[in-house]
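# Per-entry structural report
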Amino acid sequence: MATSSRRNFLQKITASAIALPIVSGAALESLALPTAIPYQGPVLRVAIMGLGSYGTRVADAMQSCTMAKLTGVISGTPSKVKEWQTKYNIPEKNCYNYENFDDIKNNPDIDAVYIITPNALHKPQTLRVAKAGKHVICEKPMAVNAADGQAMVDACKKANVKLFIGYRMHLEPKTLEIVRMRKDGEFGKALFFQGLCGFKIGDPNQWRLNQKLAGGGAMMDIGIYAVNGARYMIGEEPTWVTAQETKTDPVKFKEGVDETIQFQFGFPSGAVASCLSTYSMNNLDRFFLNGEKGYAEMQPSTGYGPIKAKTHAGELTHIHVTHQTVQMDEMAAMILQGKKPIIPVDGEEGVKDMKIIDAIFLAAKTGKKVALK
Ligand code: NAD
């Protein structure tokens, strides 16, 4: 066994030895968390497109994956490609740029492409990857509106490839435990969800503040966590949306780039949600679920972790495993073994969020309650 794989193996044994006594709940048994048994089955070979800050985080996390392996890169910056080739041992024949990446179609060493570029590029890039016959993992938000998201779902279906969205929280152990408790009735009837998501954004020249590349502002980037959090925590689809936008800095946050939006949902059961999405406040990373018999509280709730969570029954003590490592192993299992996640992470799930975000923007603009079908 090579030194690095031996180290990984030993780390996994240690992690599982620590994890076993304190990990509880059926939800967790479904996750491909580290085990002491070395994996010898097929591996999903992934090329990362967009070697920026999150792409680098995913690449690093993938070094500890069991079922997924980084085998290629797609980038417009030759110096970054060289750096990644050395760091991650990527052969020249698996390196592409934005002009020639359609050629991955002829590369048997790449099964899937993970798109980690600015939001507005996700749709055209997904369409090209699908046409090349490779599976797509696409970062959130999947697109800049629901129509584009649906076009991506349709294109992947037509090409007979899978489409997954980089929803790492949908596969996070404490999140899944709270969802299990809610499904098992441990909170009683779910009544209320609060999701507070935000941070103070820096550099005014970054793509996140460029409407054309980002498709919006804080809502697309961070508010989306409260949107899908509300759905999986309450366990229903909202039927109406109201929203209010405030802007304190119209120079930094231009037309179409939201700074702060408060939004509310109503659900068929009568449950309600109240959320905040912002690019101008720090320390906003909190979920709260209230039911007739109990509650759950997460803070931090969607950051890179460790996530902290407690319920009326006490603190959740599940071990922290790097989110992106779990995500990539889980997505590999979904693609290679047809594994079904507890909370869906597919393109259709992404479209549901995009439809709600479209409705939030409309409600904020018109000041009217928007009905969702
Ligand atoms: P980033 O700016 O650090 O990286 C973006 C990369 O895209 C860069 O390497 C850049 O060179 C490349 N790129 C290609 N074409 C470009 C163009 N026309 N303009 C600008 N850059 C271009 O951004 P990031 O933080 O890595 O975010 C990338 C995506 O990942 C976004 O969709 C974001 O929402 C998502 N993201 C997800 C998470 C998560 O936790 N799931 C966290 C961070 C970012």
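Residues numbered from 1 in each chain as written. Predicted model: local features only at pLDDT ≥ 70, side-chain atom pairs only at ≥ 80, totals over all residues. Heavy atoms only, no water.

The next point concerns the site of the ligand. Within the structure, the ligand sits among 22 residues, and Ser53, Asn119, Lys140, Arg168 and Trp207 are positioned closest to it. Take lysine 80: an N or O atom from its side chain is 3.0 Å from an oxygen atom of the ligand. For the ligand, an oxygen atom lies 3.1 Å from a polar atom in the side chain of tyrosine 225. Looking at the shell around the ligand, the elements with two or more residues in it are helix H3 (53–62) and helix H9 (218–234). Partitioning the shell around the ligand into residue classes produces 10 nonpolar, 6 polar and 6 charged. Counting contributing residues per domain, the shell around the ligand is built from domain 1 (44–168) and domain 2 (169–320 + 345–371), each supplying no fewer than three. (Near = heavy atom within 4 Å. Polar contact = N/O pair within 3.5 Å; in protein donor to acceptor, adjacent residues only side chain to side chain. Helix = DSSP H or I, 4+ residues; strand = E, 2+ residues; numbered from the N terminus. Nonpolar A, V, L, I, M, F, W, Y, C, P; charged D, E, K, R; others polar. Domains from an automatic or database assignment.)

Partitioning the protein chain into domains gives domain 1 (44–168) and domain 2 (169–320 + 345–371). On a C-alpha basis, the centres of domain 1 and domain 2 stand 26 Å from each other. The partner domain 2 presents 28 residues to the 22 residues of domain 1 that form the contact. Surface buried jointly by domain 1 and domain 2 totals about 2100 Å² across both partners, of which 61% is contributed by carbon and sulfur atoms. Area buried by domain 1 at its contact with domain 2 is led by Lys140, Tyr167 and Arg168, which between them contribute 37% of it. Remark: the boundary between domain 1 and domain 2 carries 2 salt bridges. Across the pair lysine 140 and aspartate 221 runs a salt bridge, and its minimum N-O distance is 3.3 Å. Counting the contacts that link domain 1 with domain 2 gives 16 residue pairs in polar contact (both at pLDDT 80 or more). For the side of domain 1 that touches domain 2, the class distribution of residues is 14 nonpolar, 4 polar and 4 charged. (Contact = heavy atoms within 4.5 Å. Buried area = accessible area lost by both parts, 1.4 Å probe. Salt bridge = Lys/Arg side-chain N within 4 Å of Asp/Glu carboxyl O.)

Take the nonpolar core next. Judged by nonpolar contacts, the single largest core of 111 residues is most densely connected at Ile48, Phe263, Phe265 and Ile360. If one sorts the elements of this core by residue count, H9 sits on top with 12 residues. Here this core spans two domains, since at least three of its residues come from each of domain 1 (44–168) and domain 2 (169–320 + 345–371). When sequence neighbours within four positions are dropped, the list of residues in contact with phenylalanine 263 reads Met219, Gly223, Ala226, Val227, Thr242, Ala243, Ala273, Ser274, Cys275, Leu276, Ser277 and Ile360. (Core = buried A, V, L, I, M, F, W, Y, C linked by side-chain atoms within 4.5 Å. Buried < 20%, exposed > 50% of the residue type's maximum accessible area, 1.4 Å probe, protein only.)

What follows deals with the pairing of strand E12 (residues 295–298). By the alternation rule, side chains of E12 split into Ala296 and Met298, which are all buried, and Tyr295 and Glu297, of which none is buried. Pairing between strand E11 (residues 284–291) and E12: 4 bridges, direction antiparallel. For phenylalanine 287, the partnering residue across the bridge sits in E12 and is methionine 298. (Pairing = 2+ DSSP bridges.)

Strand pairing within a sheet occurs via backbone hydrogen bonds; the two strands may be parallel or antiparallel. Here we have 9 strands laid out as an open sheet, ordered E14-E13-E12-E11-E7-E10-E9-E8-E15, and mixed in their pairing. Either end of the sheet is taken by a strand with one partner, and the two such strands are strand E14 (314–315) and strand E15 (370–371). As defined by bridge partners, E12 adjoins strand E13 (residues 309–311) across 3 bridges and the pair is classed as antiparallel. Residue pairing for E13: glutamate 297 is matched across the bridge by lysine 310. Together, E11, E12 and E13 form the strand contacts of helix H7 (residues 173–183), whose direction differs from that of E12 by roughly 170°. (Axes fitted to C-alpha atoms, helices over the stretch in contact; angles between N-to-C directions.)

Helix H11 (residues 347–366) packs onto H9 with a crossing angle of 110° between their chain directions and a minimal axis gap of 10 Å. Classed by the angle they form, the pair H9 and H11 counts as roughly perpendicular. Relative to H11, H9 is oriented so that their crossing is right-handed. Touching Met219, Met220, Ile224, Val227, Asn228 and Arg231 of H9 are Glu349, Lys352, Asp353, Met354, Ile356, Ile357, Ile360 and Phe361, all from H11. Its residues assigned to classes, the contact of H9 with H11 shows 9 nonpolar, 1 polar and 4 charged. (Parallel < 35°, antiparallel > 145°, perpendicular 65-115°, else oblique. Left-handed = near helix turned anticlockwise from the far one by under 90°.)

A sheet is described by the order of its strands in space; here 6 strands give the open sequence E3-E2-E1-E4-E5-E6, paired in parallel fashion. Looking at which strands have only one partner, the edges of the open sheet turn out to be strand E3 (95–96) and strand E6 (163–165). With 4 bridges connecting them, strand E4 (residues 112–115) and strand E5 (residues 135–138) associate as parallel partners. Across the sheet, the residue bridging to alanine 112 is histidine 135, located in E5. Docked against the sheet, H3 engages strand E1 (44–49), strand E2 (68–74) and E4, running at close to 160° with respect to E1. Sitting on the sheet, helix H5 (residues 122–131) touches E1, E4, E5 and E6, and the angle it makes with E5 is about 160°.

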